[in-house]
Each structure stands twice: as structure tokens, then as C-alpha cells.
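Chain and residue survey
Each chain, letter by letter, is given below.
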Amino acid sequence: MTISLSKGQRIDLTKTNPGLTKVVVGLGWDTNKYSGGKDFDLDASAFLLHQDGKAKGEDDFVFYNNPSGGAGSVTHTGDNRTGAGDGDDEQIVVDFSKVPAQIQRVGITVTIYDAESRAQNFGQVSNAFVRVVDAVSEREVLRFDLGEDFSTETAVVFCEFYRHGADWKFQAVGSGFTGGLAALCRNYGLDAQ
């Protein structure tokens, strides 16, 4: 049975699901009635964060142009440029057993590609969700539906996985940023050029 979470909720992930070591993080969305003439391209990313809450370099930032990080523990499965169709639009695979010891959190984010020049924002997005699936059994473990709480934001932190002793927990974040990917990178300690 899938557990549905609300913004801000936290849940034990590996403790309540013994043997869970590898998950598929599925992210999905639809666009509202939008007639800007351009595709609505949302991009999932993962930031691997150290004790100070910051990423330290390229291996700590996973996205469509750098599809693997954290010594191969986090992998982006590919860029969906339109979000068309049902189900997951993009996926990130996290293997908790391989996450380097210095990584304390993994932030899962979504940004709108070229949002400023296309005049797009999360106010035009609906039905956004993140779901966590056991990579072995393909069972959906939890789901967080973002809701429609955004207007001008062009980047959203959907959720974070974080260490708690030997276990991993999940937090439904749902925090928006203006300034797209560059704002997220600055928030997480990376220089966005």
C-alpha cells in the first residue's frame, strides 16, 4: 500500500521497509492550458549534500547532462522534453547502499528549462508529484502530490532523502524558488554558470 504524504511530512524509509536499498524516484506533472507556443520542459535534478547542507562539486549534482553522481549511487534516467503522457515524466535512481558516507542528504528538484525566455512558471503546472518505488519489487512505497501552491516559481525542491543513523528517511519538501536552476544551485552551494 502506498503512503501519501503532505508537505513537510517525514517518514522512515529504510527502517519501515526492511531490505529497501535501491529506489526509483518518479517525478510527473501536467501543464495547465498553456498557449505560449513552446514545449513545457521540466527537468529533474538531484543534489547530493554534505553535513553543511551543500554540494561540493560536479559529482554532487545529477541532471540530464551529468546523469550519474555520488560515485554512481544516484542516476538520472533521461530527459523528457515535453512531459507528455501519463505516469513518470522523469526518473532518478538512488542506491542507498552506494551513497558515499560524506553525503547526508539527497535533494530532488525540478526546474523549468528556459523558463524566463519562455515566460513559464510553476503556476502553469498541475498534478505535479514525486513517488518512490522499490527498484527490486517495483512496489510504490510513497507518494507526495505537490498541489497547486505555486505562482511565479521556476524551480521546486520536491523532496529530500536524509540519513538518520544507519537508515534513510524521506521528507516531502515542496519549496519553490524563482530564478530557476541557478537559484537552486546557489542554494545548494554550487556556482551556476
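Residues numbered from 1 in each chain as written. Predicted model: local features only at pLDDT ≥ 70, side-chain atom pairs only at ≥ 80, totals over all residues. Heavy atoms only, no water.

Here we look at the sheet that holds strand β7 (residues 74-76)
The following threshold applies: At least two bridges found by DSSP between two strands are what make those strands a pair. Secondary structure elements follow DSSP: runs of H or I no shorter than four residues count as helices, runs of E no shorter than two count as strands, and numbering proceeds from the N terminus.
If you walk across this open sheet you meet the seven strands as β1-β11-β10-β3-β8-β7-β6, and the pairing is mixed. Of all strands in the sheet, those with a lone pairing partner are β1 (3-5) and β6 (68-69), marking the two edges. Sheet analysis places β6 next to β7, joined by two bridges and oriented antiparallel. Residue pairing in the sheet places G69 in a bridge with V74 of β7.

A word on the environment of L20
The condition that has to hold: The contact criterion used throughout is that any non-hydrogen atoms of two residues lie within 4.5 Å.
As for its placement among the helices and strands, L20 is situated in the loop between β2 (10-12) and β3 (22-31). Along the chain, L20 and S97 lie 77 residues apart, while their C-alpha atoms are 9.3 Å from each other. When near neighbours in sequence (up to four residues on either side) are disregarded, L20 contacts L13, T14 and D134.

Topic: the pairing of strand β11 (residues 140-145)
The sheet contact formed by β1 and β11 spans three bridges and is parallel. Of the residues in β11, the one forming a bridge with S4 is R143. Where strand β10 (residues 125-134) and β11 come together, five bridges link them in antiparallel fashion. Looking at the pairing, V133 lines up with E140 of β11. Taken together, β10 and the strand that follows it, β11, pair antiparallel across an intervening segment of five residues, in which E138 is found at a positive phi of about 65 degrees.

Some thoughts on the nonpolar core
To keep it simple, the criterion reads: Nonpolar cores were defined as sets of buried Ala, Val, Leu, Ile, Met, Phe, Trp, Tyr and Cys residues, with membership established by side-chain atoms within 4.5 Å. A 1.4 Å probe rolled over the protein chains alone gives each residue an accessible area, and that area as a share of the maximum for its type sets the label: buried under 20%, exposed over 50%, partly exposed in between.
Core analysis: the biggest nonpolar cluster contains 42 residues, and V25, L27, V94, I108, F161 and F170 have the highest contact counts within it. Of all the secondary-structure elements, those providing two or more residues to this core are β3, β4 (42-49), β8 (90-95), β9 (105-112), β10, β11, β12 (155-164) and β13 (167-177). Not counting chain neighbours up to four residues away, the residues in contact with V25 comprise E90, Q91, I92, V94, I108, V130, R131 and F161. If you look at the next biggest cluster of nonpolar residues, it comprises 14 residues, including L49, A55, F177 and L184.

Don't take any of this as a statement about function, it's just geometry.
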